[in-house]
Amino acid sequence: MVAGSGLKLEVPGWRPAETISMADIMPFPMHHLEGHNHSLTLWRRDDDTLLVMNGRFHLYQGYSPAEVVAPVRLAALLGAEVLLATNASGALDPAIPPGSLVVVNDHINLLWCNPLVGAWAREFGTQFPDMSEAYDPDLRRLAHQCAAEAGFDVFDGVYVAVLGPSFETPAEVRMLAGMGGTVVGMSTVPEVLAARHMGLKVLVLSLASNPAAGLVDRPLTHEEVLESGREATDSLKRLLGNLVERTF
Ligand code: HPA
């Protein structure tokens, strides 16, 4: 499980067994980012293990695509079968109010890079992995069901990944909405590509923390994104509790 900006994830019924600093196990230097502490926590429930990555690596911080996906590849090598990722995004669709959760059903990669570029890592998977159903339909259905049971609405939509770290211009937002995007963010797609490459099932929940640039008449700030994450933590926790319960 990957926790996005400002999202502090806990799963009811599971106990945190151990937390490891990412700096202690990754063979590259860490770059600090407010709201992200870069650690891995092992949660346990009976014989099941949930590996939670608190604070992901972003390309805009200067990490290489291979570094960004290293924790997902580590989890896959340790036997993980499902990648459940959360992130914060800007809503491209004015019908999506800030604070809404969007179950990602597809993506558009505008990062202009892909973690699978380079010598074919045969040990990880095929050279040309299929992405026609990158976001698992059963898990998406389950997410909608768990959200309904937890008592809140969720949306469904396409996540557009851009490099950042500057937010988009209003013209870019019009373009991204016009090309079929529902929300825009600066993460997750590299991890999804690496996870699908290694055969993991993927579910991504995006917290639309703000209307994208130009849809409201005020500047966007990272604080607004973090605050929205804090406000959504409770509903997300309930949803994830149900979801993890049913996924295992
Ligand atoms: N744009 C890109 N990334 C984001 C945004 C946004 O508006 N909000 C949170 N992450």
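The rules behind these values
Residues numbered from 1 in each chain as written. Predicted model: local features only at pLDDT ≥ 70, side-chain atom pairs only at ≥ 80, totals over all residues. Heavy atoms only, no water. Helix = DSSP H or I, 4+ residues; strand = E, 2+ residues; numbered from the N terminus. Rg over C-alpha atoms; globule rule 2.2 N^0.38 Å. Contact = heavy atoms within 4.5 Å. Areas by Shrake-Rupley, 256 points an atom, 1.4 Å probe, with all protein chains shown as cover. Lys, Arg positive; Asp, Glu negative; His and termini not counted. Charge placed at Lys NZ, Arg CZ, Asp CG, Glu CD. Near = heavy atom within 4 Å. Polar contact = N/O pair within 3.5 Å; in protein donor to acceptor, adjacent residues only side chain to side chain. Nonpolar A, V, L, I, M, F, W, Y, C, P; charged D, E, K, R; others polar. Pairing = 2+ DSSP bridges. Phe/Tyr/Trp six-rings, centres within 6.5 Å; stacked < 30°, edge-to-face > 60°. Buried < 20%, exposed > 50% of the residue type's maximum accessible area, 1.4 Å probe, protein only.

S.K.: What is the right way to look at the overall build of the protein chain in this model?
M.R.: For the protein chain, the helix and strand inventory stands at six helices and nine strands. In terms of overall dimensions, the protein chain is globule-like: its C-alpha atoms have a radius of gyration of 17 Å, near the 18 Å expected for 248 residues. Viewed in the frame of its principal axes, the protein chain has a C-alpha envelope of about 50 × 45 × 35 Å. Long-range contacts, defined here as pairs at least 24 residues apart, represent 79% of the contacts in the protein chain between residues at least 6 apart. Per element, the accessible surface of the protein chain, about 11,400 Å² overall, is 53% carbon and sulfur. When the 17 basic and 29 acidic side-chain charges of the protein chain are each reduced to a single mean position, those positions are 3 Å apart.

S.K.: Honestly, the site of the ligand in this entry has me stumped. Any pointers?
M.R.: All residues in the neighbourhood of the ligand are listed as Ala88, Ser89, Gly90, Phe167, Glu168, Val184, Gly185, Met186, Ser209, Asn210, Leu220 and Val225. A distance of 2.7 Å separates a nitrogen atom of the ligand from a polar side-chain atom of Asn210. Starting from 260 Å² of accessible surface for the ligand in isolation, the protein chains cover 96%. Looking at the shell around the ligand, the elements that each hand over two or more residues are strand S5 (82–91), strand S8 (183–185) and strand S9 (201–211). Among the elements that line the shell around the ligand, the one with the most residues is S5, at three residues. Considering only residue class, the shell around the ligand consists of six nonpolar, five polar and one charged.

S.K.: Sorry, what's going on with the pairing of strand S6 (residues 100–110) here?
M.R.: Bridge count between S6 and S9: four bridges; the pairing is antiparallel. Counterpart to Val102 in the pairing with S9 is Ser206. Judged from the nine bridges that link them, S6 and strand S7 (residues 154–162) form a sheet pairing that is parallel. Counterpart to Val104 in the pairing with S7 is Gly157.

S.K.: Any chance you could explain the environment of Asp234 here in plain terms?
M.R.: Tracing the sequence through the fold places Asp234 in helix H6 (residues 222–247). For Asp234 and Glu67, which are 167 residues apart along the polypeptide, the C-alpha to C-alpha distance reads 30 Å.

S.K.: What's the story with the packing of aromatic side chains in this structure? I'm lost.
M.R.: The relation between two aromatic rings is expressed through the spacing of the ring centres and the mutual angle of the planes. According to the stated counting rule, one finds three aromatic pairs in the structure shown. Judged by centre distance (5.4 Å) and plane angle (75°), the rings of Phe28 and Phe57 are edge-to-face. Here Phe28 is found in the loop between helix H1 (22–25) and strand S3 (39–45), whereas its partner Phe57 is found in the loop between strand S4 (48–54) and helix H2 (65–77), with 29 residues between them in sequence. Between Phe28 and Tyr63 the ring centres are 5.9 Å apart and the planes differ by 70°, which places this aromatic pair in the edge-to-face class. Highlighted residues: Phe28 in the loop between H1 and S3 and Tyr63 in the loop between S4 and H2, separated in sequence by 35 residues. A relative accessible area of 3% means that Tyr63 is categorised as buried. Ring-pair connections join several aromatic residues into one group, and the members of that group are Phe28, Phe57 and Tyr63.

Everything listed is a geometric property; what it means functionally is a separate question.
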